[in-house]
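# Topology and contacts: notes
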Amino acid sequence: MTHLGGGSSSSYLLERAWVDGAVCDEVLVEIEDGRFTTVVPRNSSLDDEASSSRREFHRPADEPSRLPGLTLPGLANDHSHAFHRALRGRTQRERGTFWTWREQMYDVAGRLTPDGYFALARATYREMVAAGYTSVSEFHYLHHRPDGSPHDHPNAMGEALVAAAAEAGIRITLLDTCYLSSGFGAPPEGVQRRYSDGTAAAWAERAGDGPAAIHSVRAVPRDQLAVFRGRAPLHVHLSEQVAENQACLAAYGVTPTRLLHDEGLLGPDTTVVHATHLTDDDIALLGGTRTNVCITPTTERDLADGIGPARRLAEAGCRVSIGSDSHAVVDPFEELRGLEMDERLATQERGHWTAAELLAVGTPRRIAVGEPADLVTIDTRSPRTAGTGADEHTAVYAATAADVTHVVVGGRPVHTAADVEQIGRELDRAMGDLWPAP
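Description of the structure in this document. (Residues numbered from 1 in each chain as written. Predicted model: local features only at pLDDT ≥ 70, side-chain atom pairs only at ≥ 80, totals over all residues. Heavy atoms only, no water.)

## Points about the overall build of the protein chain
When helices and strands are tallied, the protein chain shows 13 helices and 15 strands. Against the 2.2 N^0.38 benchmark of 22 Å for 438 residues, the protein chain shows a C-alpha radius of gyration of 22 Å, consistent with a compact globule. Along the first, second and third principal axes, the C-alpha atoms of the protein chain reach 65 × 45 × 40 Å. Long-range contacts, defined as pairs at least 24 residues apart, comprise 72% of the intrachain contacts of the protein chain with a sequence gap of at least 6. Looking at charge distribution, the protein chain has the averaged site of its 41 positive side-chain charges lying 2 Å from that of its 62 negative ones. (Helix = DSSP H or I, 4+ residues; strand = E, 2+ residues; numbered from the N terminus. Rg over C-alpha atoms; globule rule 2.2 N^0.38 Å. Contact = heavy atoms within 4.5 Å. Lys, Arg positive; Asp, Glu negative; His and termini not counted. Charge placed at Lys NZ, Arg CZ, Asp CG, Glu CD.)

## What to know about the environment of Arg 344
Residue placement: Arg 344 occurs in helix 10 (residues 332–347). Separated by 10 residues in the primary sequence, Arg 344 and Thr 354 place their C-alpha atoms 13 Å from one another. Residues contacting Arg 344, with those up to four places away along its chain left out, are Glu 349, Arg 350, Gly 351, His 352 and Tyr 397.

## Topic: the sheet that holds strand 13 (residues 375–378)
If you walk across this open sheet you meet the 7 strands as 3-2-1-4-13-14-15, and the pairing is mixed. Unpaired on one side and paired on the other, strand 3 (35–41) and strand 15 (412–416) mark the two borders of the sheet. On average, adjacent strands in this sheet sit at an angle of 35 degrees to one another, irrespective of strand direction. Pairing between strand 2 (residues 22–32) and strand 3: 6 bridges, direction antiparallel. Paired with Ile 31 across the strands is Phe 36, a residue of strand 3. (Pairing = 2+ DSSP bridges. Axes fitted to C-alpha atoms, helices over the stretch in contact; angles between N-to-C directions.)

## Topic: helix 2 (residues 114–131)
Think of an α-helix as 3.6 residues a turn; residues three or four steps apart then line up on the same face. Look at helix 2: 25 Å from first C-alpha to last across 18 residues, which is about the 26 Å you get at 1.5 Å a residue. Taking burial as the measure, the 18 residues of helix 2 include 13 buried ones, the bulk of the element. One or two steps after helix 2, the chain reaches Gly 132, where phi turns positive at roughly 110 degrees. (Expected span 1.5 Å × (residues − 1). Buried < 20%, exposed > 50% of the residue type's maximum accessible area, 1.4 Å probe, protein only.)

## Observations regarding the state of the cysteines
According to the stated counting rule, one finds 0 disulfides in the structure shown. Cys 294 takes part in no disulfide bond, and the closest cysteine sulfur to it belongs to Cys 318, at a distance of 12 Å. (Disulfide = S-S within 2.5 Å.)

## Side note on the packing of aromatic side chains
Under the definition given, this model contains 8 aromatic pairs. Taken together, a centroid distance of 6.1 Å and an interplanar angle of 85 degrees make the contact between Phe 83 and Tyr 141 edge-to-face. Here Phe 83, found in the loop between strand 5 (75–80) and helix 1 (98–109), pairs with Tyr 141, found in the loop between strand 6 (133–140) and helix 3 (156–168); they are 58 residues apart in sequence, far enough to count as distant. Owing to a relative accessible area of 3%, Tyr 141 belongs among the buried residues under this scheme. A centroid spacing of 4.7 Å and a plane angle of 70 degrees characterise the contact between Tyr 141 and Tyr 195, whose relative ring orientation is edge-to-face. Taken together, the positions of Tyr 141 in the loop between strand 6 and helix 3 and Tyr 195 in the loop between strand 7 (171–178) and helix 4 (200–207) put the pair 54 residues apart, joining distant regions of the chain. Owing to a relative accessible area of 1%, Tyr 195 belongs among the buried residues under this scheme. Each residue in the set Phe 83, Tyr 106, Tyr 117, Tyr 141, Tyr 179 and Tyr 195 is aromatic and connected to the rest through ring pairs, giving one cluster. (Phe/Tyr/Trp six-rings, centres within 6.5 Å; stacked < 30°, edge-to-face > 60°.)

## Points about the nonpolar core
Buried together is how nonpolar side chains tend to be arranged in soluble globular proteins. With 102 residues, the main nonpolar core has Phe 83, Leu 112, Tyr 125, Tyr 195, Phe 228 and Leu 339 as its most contacted residues. Judged by nonpolar contacts, the second largest core, of 15 residues, contains Tyr 12, Val 27, Ile 31 and Val 408. (Core = buried A, V, L, I, M, F, W, Y, C linked by side-chain atoms within 4.5 Å.)

## Let's talk about the sheet that holds strand 6
Strand pairs in the sheet, formed through backbone hydrogen bonds, run parallel or antiparallel to each other. What the 8 strands build is an open sheet, ordered 5-6-7-8-9-10-11-12; its pairing is parallel. Only two strands of the sheet have a single neighbouring strand rather than two, namely strand 5 and strand 12 (320–322). The mean inter-strand angle of the sheet, taken between neighbouring strand axes irrespective of direction, is 25 degrees. Direction of pairing for strand 10 (residues 270–274) relative to strand 11 (residues 292–295): parallel, over a ladder of 3 bridges. Bridge assignment links Val 272 to a residue of strand 11, and that residue is Val 293. The strands that helix 3 touches are strand 6 and strand 7; relative to strand 7, the one it contacts most, it runs at about 165 degrees. Those strands touched by helix 10 are strand 5, strand 6, strand 11 and strand 12, and its axis lies near 140 degrees from that of strand 12.

## A short note on empty space enclosed by the protein
Enumeration over the complete set of coordinates arrives at 4 cavities of 30 Å³ or more. Here the largest cavity is characterised by a volume of approximately 160 Å³. Looking at the largest cavity, it is lined by 20 residues, and the ones nearest its centre are Phe 98, Trp 101, Met 105, His 215 and His 237. A total of 5 residues in the lining of the largest cavity trace back to one element, the largest contributor, which is helix 1. The space that makes up the second largest cavity amounts to roughly 80 Å³. Residue lining of the second largest cavity: Ile 295, Pro 297, Glu 300, Gly 306, Ile 307, Gly 308, Ala 310, Gly 338, Leu 339, Asp 342 and Glu 343, and that is the complete set. Looking at the lining of the second largest cavity, the elements that each hand over two or more residues are helix 8 (297–302) and helix 10. No other element matches helix 10, which puts 4 residues into the lining of the second largest cavity. Its residues assigned to classes, the lining of the second largest cavity comprises 5 nonpolar, 3 polar and 3 charged. (1 Å grid on protein atoms, 1.4 Å probe; cavity = no way out; pocket = protein on both sides within 12 Å on 5 of 7 lines; lining within 4 Å. Points joined across faces, edges and corners; volume = space filled by probe spheres on them. Nonpolar A, V, L, I, M, F, W, Y, C, P; charged D, E, K, R; others polar.)

Structure representation (structure tokens):
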């Protein structure tokens, strides 16, 4: 994890802010060592005696910086493959399926070096920050050289990601990912060789303790899953494709969800990604174990994966999060409204999630004393947001990443609207290195 902030103080006067599940006007926040020390809404409606003193609006000795617009807690990107950003605008040009897209993704994966990965990831993470993401869970499996041999520094590719995140100003949880098989015991093929450590034990020796991921039940044989018991946090791709479910049933006689449950790998420390094609029993298992579920609507839409049962999973007891995954789109507001819009398409009914519920999905942190000081401010007077209420409905149903004007991570400003042009140039350079002009 990259820790940002610390050793400094700052203060902001927020024109409007999402505090404790409601929009408040004129919120003063003070920050020390990367955390909120004061949060005082001028229009606080708190009525208990203990909080009456907080209603007295005050300003610190140094005039705070004013942030016009609507400010939210930092948004969390719970699933990313940074190198997939190189595929945007290229893999959408022809007909195909997830499996044909995967071949194009493998082509890019085979050409990245630590230096090239750093440049691509830094630009991608800067785009995320500009969109309002202040943290990212990076699902990392590009470990070795293209022929499968280790780099001189075995974790050089992962270290490049951590360094890129630090320079971009985003918090990163690097999920070192185990990938051993091309499918249910078959050996790795082609570029997959650079993903594999040979065995789960060898992966654990290289990866060490800490955050981890199982690529999928097709990429890690059942007899090696025990290595992951007790790892926290633990992420895993789950039932993204019907073909994965069918192959798992053929190999083990159970669904991928049941397999993970039987191996003791579901629970509050585990996040399953996609969870698109589930049985009723799968949903009950995930909810009953309080397993987290990350839905990535724009990627699932782009890859023609299908529409997952996000609302049912939430009602069953799962905490739902969002991710930009393949970065076909990097826009947390589009991901959040995608949860609702996709449910509408699947059910032909509206109103499955409230705007407040969707903000809670996207912003797991709060603007509250003691919390990490991550702030995202959106313009409430843009052509997209003007006249929409300047509240949670504006954020979820009107705003886009283009409306983000200011981002603070750990109390430190890491993005303003003036940075957008520079980020575009940096992305263009990174793509030019991967896709040389004909």
